[in-house]
Amino acid sequence: MTAQLDSFYPTRVDFGTLDEIHRAAAAALPAEVLDFVEGGAGKEITLRENRAAFDRWRILPAPMSGVGAPSTRTEFLGMPLATPILTAPFGGDALFHAEGHPAVARAAQARGALSVVPEAGSFSYQRVRAAAPEAARIAQVHPFGHAAMVAERAARLGYEALCVTLDCPVGGFRTRNMANRFDPDQRHFAGNLTGADGAPGVAEVFGQLLKRGGMVWDWAELAIAATGFGLPWIAKGVLTPATAERALAIGASALVVSNHGGRQVDPAPASLDMLPAIRAAVGPEVPILLDSGIRTGSDVFLALALGADAVIIGRAAIYGLAAAGQAGVDRVLELLTEELRTLMILAGTPSIAAIDRSRIQRAA
Ligand SMILES: Cc1cc2nc3c(=O)[nH]c(=O)nc-3n(C[C@H](O)[C@H](O)[C@H](O)COP(=O)(O)O)c2cc1C
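Residues numbered from 1 in each chain as written. Predicted model: local features only at pLDDT ≥ 70, side-chain atom pairs only at ≥ 80, totals over all residues. Heavy atoms only, no water.

- Looking at an unreviewed UniProt entry, the chain carries the name Alpha-hydroxy-acid oxidizing protein, with the source organism given as Nocardia terrae.
- Recorded in UniProt for the chain, the comment headed Cofactor (unreviewed entry) runs: "FMN".
- You can read under Sequence similarities (unreviewed entry) in the UniProt record for the chain the words "Belongs to the FMN-dependent alpha-hydroxy acid dehydrogenase family." (UniProt positions renumbered as here; feature names shortened; annotations may be inferred.)

Now the structure itself:
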């Protein structure tokens, strides 16, 4: 049976707003799983800052611009995007919905978006790619000793790029999980471990590794491994110009400006606040994705205006998944894209490339 036929869930739902989707997700998830999704590290200052940073910017209306049918099409590392949105690599997806990342990737494929498929997901790279090969084109990996092996496997499966998460040598100090004594079944994070789903290779028990923070690499080790990746790789978790320059110097093809959704260093700066300096440091050509705090189409517009080429959605996608599986993620992508398209008309930007700094200003 093909993966497309696996779903018993509807492909369309009538959620009116993202808030409704959020509420449906909150109602569907056990309290401690919801906290795992919603929570950040430490005092959750970064978590709040990620949202507050967007609220400090305004989009300038451009009446009578004659823009009636803007195009949200773009591309990332040669991969076409009908909308400048990728879904994030998030582990433990079966905790949120039985269909997990295969459903996320199917929704992304239907909307012409891309999915970054996580190493610590509930389903293997192979399963997710089989479900939606046009969306599941980027495999995420944590840079421990097995990264080159994962890269080789991902390339064999047809993945076109690797997303290397730099900012998670150990899980952040997640206060809510500690209060809840949150101890999820590690199988939900084991889609790519040896034996799981027939996947060969990765030997370490990932959850244990993250708890202990063992076998952490430095730049020199990553540089050596990266020469053997055989795929273009994207450095995820870049929050300063210095980190951006370092990653590019050892061969990264693109960057994800991210603080991991406020789940790692707290207090760290908001991703959006660091984006302009990183764009200025690396120049106009380096492809940059931004994540952490994207919840609306206006957030997407602001991130693009401040230097991103596209954005990644983490929790917004998880809310859709938890609320209604593939159909929920589909509706999230639809709502974000429709708000973006509306704003492009109102701000007079006919294309994604036209969304630049001149279209926005800081709030007074
Ligand atoms: C429940 C959850 C699990 C995550 N797991 C991973 C992971 O395994 N690897 C990774 O690189 N990022 C992981 N992330 C971070 C996301 O990829 C992304 O950077 C973050 O969610 C973006 O912020 P946002 O949720 O505000 O959109 C996870 C995020 C959440 C919420």
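## Points about the layout of surface pockets
Step number 1: Of the voids in this model, the largest pocket is the one considered here, and its volume is about 1,000 Å³.
Step number 2: As for the largest pocket, its lining consists of 45 residues, of which Phe-36, Arg-174, Phe-189, His-260 and Arg-263 are closest to the centre.
Step number 3: Those elements giving two or more residues to the lining of the largest pocket turn out to be α2 (31-38), α7 (175-179), α8 (206-212), β11 (310-313) and α13 (315-346).
Step number 4: When residues in the lining of the largest pocket are grouped by element, the largest group, 4 residues, is from α8.
Step number 5: When grouped by side-chain class, the residues that make up the lining of the largest pocket number 21 nonpolar, 15 polar and 9 charged.
Step number 6: By volume, the second largest pocket is sized at about 280 Å³.
Step number 7: For the lining of the second largest pocket, the per-class residue count stands at 10 nonpolar, 3 polar and 5 charged. (1 Å grid on protein atoms, 1.4 Å probe; cavity = no way out; pocket = protein on both sides within 12 Å on 5 of 7 lines; lining within 4 Å. Points joined across faces, edges and corners; volume = space filled by probe spheres on them. Helix = DSSP H or I, 4+ residues; strand = E, 2+ residues; numbered from the N terminus. Nonpolar A, V, L, I, M, F, W, Y, C, P; charged D, E, K, R; others polar.)

## Some words on the site of the ligand
Step number 1: Looking at the ligand, there are 22 residues lining it, with Pro-89, Thr-165, Asp-291, Gly-293 and Arg-315 nearest.
Step number 2: Contact between the ligand and Gly-293: an oxygen atom at 2.8 Å from a main-chain N or O atom of the residue.
Step number 3: For the ligand, the accessible surface in isolation is 600 Å², of which the surrounding protein chains cover 96%.
Step number 4: Under a 2 Å grid-point criterion requiring more than half of the atoms, the pocket assigned to the ligand is the largest pocket.
Step number 5: Sorting the residues of the shell around the ligand by element identifies α2 and α13 as the ones contributing at least two each.
Step number 6: Taken together, the residues of the shell around the ligand break down into 7 nonpolar, 10 polar and 5 charged. (Near = heavy atom within 4 Å. Polar contact = N/O pair within 3.5 Å; in protein donor to acceptor, adjacent residues only side chain to side chain. Areas by Shrake-Rupley, 256 points an atom, 1.4 Å probe, with all protein chains shown as cover. Sits in = over half its atoms within 2 Å of the grid points.)

## As for the confidence of the model for the chain
Step number 1: When the pLDDT values of the chain are averaged, the result is 92; 91% of them are 70 or greater.
Step number 2: Every residue in residues 195-205 is under pLDDT 50, and counting partners more than four places away or in other chains gives 27 contacts. (pLDDT = per-residue confidence, 0-100. Contact = heavy atoms within 4.5 Å.)

## Let's talk about the side chain of Arg-295
Step number 1: Here Arg-295 shows up in the loop between β10 (288-290) and α12 (297-305).
Step number 2: Although buried, Arg-295 forms no salt bridge, and the nearest oppositely charged side chain, Glu-38, lies 6.2 Å from it.
Step number 3: Apart from residues lying up to four places away in sequence, Arg-295 is in contact with Leu-18, Arg-51, Arg-315, Tyr-319 and Leu-336. (Buried < 20%, exposed > 50% of the residue type's maximum accessible area, 1.4 Å probe, protein only. Lys, Arg positive; Asp, Glu negative; His and termini not counted. Salt bridge = Lys/Arg side-chain N within 4 Å of Asp/Glu carboxyl O.)

## A short note on the packing of aromatic side chains
Step number 1: Throughout the structure, instances matching the rule amount to 6 aromatic pairs.
Step number 2: On the numbers, 5.9 Å between centres and 70° between planes, the contact of Tyr-125 with Tyr-159 is edge-to-face. Linking Tyr-125 in helix α5 (residues 125-131) with Tyr-159 in the loop between α6 (147-156) and β7 (161-165), this pair joins segments that are 34 residues apart in sequence.
Step number 3: The class of Tyr-125 is buried, set by a relative accessible area of 0%. (Phe/Tyr/Trp six-rings, centres within 6.5 Å; stacked < 30°, edge-to-face > 60°.)

## Notes on the nonpolar core
Most often, soluble globular proteins keep nonpolar side chains buried together rather than apart.
Step number 1: Phe-96, Phe-229 and Leu-255 are the most contacted members of the largest nonpolar core, which totals 95 residues.
Step number 2: Broken down by element, the residue count for this core peaks at 16 residues, all from α13.
Step number 3: With sequence-adjacent residues up to four places away left out, Leu-255 is seen in contact with Ile-234, Ala-235, Val-238, Ala-244, Ala-247, Leu-248, Ile-278, Val-282, Val-286, Pro-287, Ile-288 and Leu-289.
Step number 4: Listed in part, the 16 residues of the second largest apolar core include Ala-88, Ile-138, Ala-310 and Ile-312. (Core = buried A, V, L, I, M, F, W, Y, C linked by side-chain atoms within 4.5 Å.)

## Topic: helix α4 (residues 100-110)
Residues that lie three or four places apart on an α-helix share one face, since the helix turns once every 3.6 residues.
Step number 1: Here α4 lies mainly inside the structure; 9 of its 11 residues are buried.
Step number 2: Taken together, the buried positions of α4 are occupied by Gly-100, His-101, Pro-102, Ala-103, Val-104, Ala-105, Arg-106, Ala-107 and Ala-108.
Step number 3: Looking at the buried positions of α4, the neighbouring elements they touch are β4 (85-87), β5 (114-117), α5, β6 (136-141) and α13.
Step number 4: Following α4 by one or two positions, Gly-112 adopts a phi angle in the positive range, close to 70°.

## Considering the pattern of salt bridges
Step number 1: Tallied over the entire structure, the rule returns 14 salt bridges.
Step number 2: The partner of Arg-331 in a salt bridge is Glu-334, with the nearest N and O atoms 2.7 Å apart. Of this pair, Arg-331 and Glu-334 both sit in helix α13, 3 residues apart, which is roughly one turn of that helix.
Step number 3: Accessibility expressed as a relative area gives 16% for Arg-331, which makes it buried.
Step number 4: Taking relative accessible area as the criterion, Glu-334 reaches 16% and is therefore assigned buried.

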